[in-house]
Amino acid sequence: MQSTDITVLRQVLSWHEAGHVVWLSTVIKTYGSSPRQPGAMCAIRQDGALIGSVSGGCIEEDLKDKVLSGELAGTKLRLLTYGESVEERDRFRLPCGGTLRLSLEKVTDISWVKQVLETIEQRRTIQRRLDLVQAKSFIELADSEHLVQEKATELTFSYGPRARLLVIGAGETSGYLAKMASALDYQVLVAEPREDMQQTWLAEDGELLPMMPDDAVVKIAPDQHTAIITLTHDPKLDDMALLEALKSEAFFIGALGSSRTNAKRRERLAMFDLTPEQIDRLHGPVGLDIGSKIPAEIAVSILAQLIKLRRKSQQSQQQPVVRAVSNG
């Protein structure tokens, strides 16, 4: 889940508790090119205050107009589609013939918002089923994250924790990688036990964990929204992290180094309590082969590989298996 969308839900909760009437809009589906993807949200207060985004701006203005004009009075839920005609695509500046389908719901029951925020804070994924007839939400824990599904009588939204990136080593490449990953909405953590390297790390680039790499991996308890990448060039440090990381639920584990270096690394890892399947999870050399030579280019190649893997995973996700925990 994007940090911006988490912020939207927190603001919905705050506005509602302050006594405001709040509308929440969520992207259900896009056709063609779109600046926001399914699951993106914005919230509108009864006085027109707005947070978040579902498009490049024009659709947000139209949603705000609907709230301010009283058009939605007496309405709990509405499904809207923008860009079905050439005139609409021009009016709302939708790119490349894009079409955007949204839900717009009046938040009358705040309990589901609280439950979603509490669950993702615990780094778990939660699913909300919105009954289109009753305009009522039902909350369930989910084993996987399939952002939005639309059926004849209900919408299903999944909310998961923000993606994390644990970098081993606070060197120059780590600095570039941290900056770029933050721009892609990763929560960045950097494990660095060497005191001299700790002194040069910039706090704004990511949270510094001044500890041994294996201790850092154990501390953060990697889940399916966590990537771990070793960049120290020191086998003693990188291998310590990998011995823990490869046994974890992290969705991506990578190590910097040449093919020869990584072949030797795999030989060393095989001497410990790792199975061949666990060792095969290692992406090494890490990054797409784009001929990278300098630290900034290496960071680009690593993030390109992460993006490719996550997008492929999202496209192949199936219907999540769920179990009910409460209704609201």
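In the block above lies the structure referred to throughout.
First things first, this report covers the structure right here in the doc. Bear in mind that the values here come from a model prediction, so they are computed numbers and not experimental data. Every chain is numbered independently, its residues counted from 1 as its sequence is written. Predicted model: local features are reported for residues with pLDDT of at least 70 only, side-chain atom pairs are reported and counted for 80 or more only, and whole-chain, interface and lining totals are derived from all residues. Side-chain numbers come from the whole structure's heavy atoms, not from hydrogens or water.

## Describing the overall build of the chain
- Helices and strands together make up the secondary structure of the chain, namely eleven helices and 16 strands.
- Relative to its 328 residues, the chain shows a buried fraction of 47%.
- Contacts were defined at the residue level, with two residues in contact if any of their heavy atoms lie within 4.5 Å. Partitioning the contacts of the chain with sequence separation of at least 6, the portion at a separation of at least 24 is 60%.
- Within the structure as shown, the chain displays about 15,800 Å² of accessible surface, and the carbon and sulfur contribution to it stands at 50%. Numbering of helices and strands starts at the N terminus; helices are DSSP runs of H or I of at least 4 residues and strands are runs of E of at least 2. When a residue's accessible area, from a 1.4 Å probe over protein chains only, is under 20% of the maximum for its type it is buried; when over 50% it is exposed; and in between it is partly exposed. Using a 1.4 Å probe, accessible areas were evaluated by the Shrake-Rupley method; residue-level cover was limited to the displayed protein chains.

## Considerations on the sheet that holds strand β4 (residues 77–82)
- For two strands to count as paired, DSSP must find a minimum of two bridges between them. Across the sheet, which stays open at both edges, the five strands sit in the order β3-β2-β1-β5-β4 with antiparallel pairing between neighbours. In the strand order of this sheet, the two ends are held by β3 (50–52) and β4, each with one partner. Going across the sheet, the axis of each strand differs from the next one's by a mean of 20°, ignoring polarity.
- With five bridges connecting them, strand β1 (residues 22–31) and strand β2 (residues 41–45) associate as antiparallel partners. When the bridges of β2 are listed, W23 appears paired with I44. Only the contacting stretch of a helix is used when fitting its axis, a line to C-alpha atoms as for every element, and angles between N-to-C directions run 0 to 180 degrees.

## With respect to the packing of aromatic side chains
- Ring geometry is summarised as follows: Phe, Tyr and Trp rings, the Trp one being its six-membered ring, pair when their centres sit within 6.5 Å, and such pairs are stacked at plane angles under 30 degrees, edge-to-face over 60 and tilted between the two. Using the criterion set out here, one finds one aromatic pair in the structure.
- Residues W112 and Y159 carry aromatic rings whose centres are separated by 6.2 Å and whose planes lie at 25° to one another, so their mutual orientation is stacked. Residue W112 is located in helix α4 (residues 111–121), and its partner Y159 is located in strand β9 (residues 154–159); the two are separated by 47 residues in the primary sequence.
- Under the relative-accessibility criterion, W112 is labelled buried at 3%.
- By definition, being over a ring means that NZ of Lys or CZ of Arg is both within 6 Å of the ring centre and within 35 degrees of the ring normal. Between the NZ or CZ atom of R128 and the centre of the ring of W112, over which it lies, the distance is 3.6 Å.

## Quick notes on the environment of P38
- Secondary-structure assignment places P38 in the loop between β1 and β2.
- Residue classification places P38 among the partly exposed positions, given a relative accessible area of 24%.
- P38 sits 16 residues away from V54 along the chain, and the two C-alpha atoms are 8.9 Å apart.
- Those residues within four positions of P38 in sequence are excluded, and the remaining contacts are V27, I28, K29, T30, L147 and V148.

## Points about the nonpolar core
- For our purposes a nonpolar core is just a set of buried Ala, Val, Leu, Ile, Met, Phe, Trp, Tyr and Cys residues, chained together by side-chain atoms within 4.5 Å. Counting 28 residues, the largest nonpolar core has L9, V12, L24, W112, V113 and Y159 as the members making the most contacts within it.
- Put simply, the parts of the chain that give this core at least two residues each are α1 (3–17), β1, β2, α4, β6 (125–131), β7 (136–142) and β9.
- Per-element accounting of this core gives the leading share, six residues, to α1.

## Focus on the pattern of salt bridges
- For salt bridges, the criterion is a side-chain nitrogen of Lys or Arg within 4 Å of an Asp or Glu carboxyl oxygen. In the structure shown here, the tally under the stated rule is 21 salt bridges.
- Across the salt bridge formed by R123 and D223, the nearest N and O atoms sit 2.6 Å from each other. In this pair, R123 sits in the loop between α4 and β6 while D223 sits in the loop between α7 (213–220) and β13 (226–230), placing the two residues 100 residues apart along the sequence.
- If you follow the salt bridges from partner to partner, you end up with D62, K66, E71 and R78 in one network.

## Focus on the side chain of D131
- Checked against the element boundaries, D131 lands in strand β6.
- As used in this structure description, the phrase polar contact means that two N or O atoms lie within 3.5 Å; if the pair is within protein, one of them must be able to donate a hydrogen and the other to accept it, and residues adjacent in sequence are counted only when both atoms belong to side chains. A distance of 2.9 Å separates a polar atom in the side chain of D131 from the backbone nitrogen of Q134.
- Apart from the residues lying within four places of it in its own chain, the contact partners of D131 are L77, K136, F138, T153 and E154.

## Here we look at α7
- Every buried residue of α7 is accounted for by P213, A216, V217 and I220. Take α7 and look down its axis: the buried residues cluster within an arc of 100°, on one side only. Exposed residues lying more than 90 degrees from the buried face of α7 are V218 and K219.
- Buried residues belonging to α7 abut β10 (164–168), β11 (187–191), β12 (207–209), β13 and α8 (235–245). This arc is built from the directions going out from the helix axis to the C-beta atoms.

## Re the side chain of K66
- Mapping K66 onto the fold places it in helix α2 (residues 58–68).
- When its relative accessible area of 14% is taken as the criterion, K66 is described as buried.
- When neighbours within four sequence positions are excluded, K66 is seen to be in contact with E71, L72, L80 and Y82.

## Side note on the pairing of β9
- For β9, the tally of buried residues reaches six of six residues, placing the bulk of the element in the interior.
- Here β9 shows no split at all, with E154, T156 and S158 on one side and L155, F157 and Y159 on the other all buried.
- Where β6 meets β9, six bridges bridge the pair, whose relative direction is antiparallel. Across the sheet, R128 pairs through a bridge with F157, a residue of β9.
- Both strand β8 (residues 148–150) and β9 contribute to a ladder of three bridges, which runs antiparallel. Paired with V148 across the bridge in β9 is F157.

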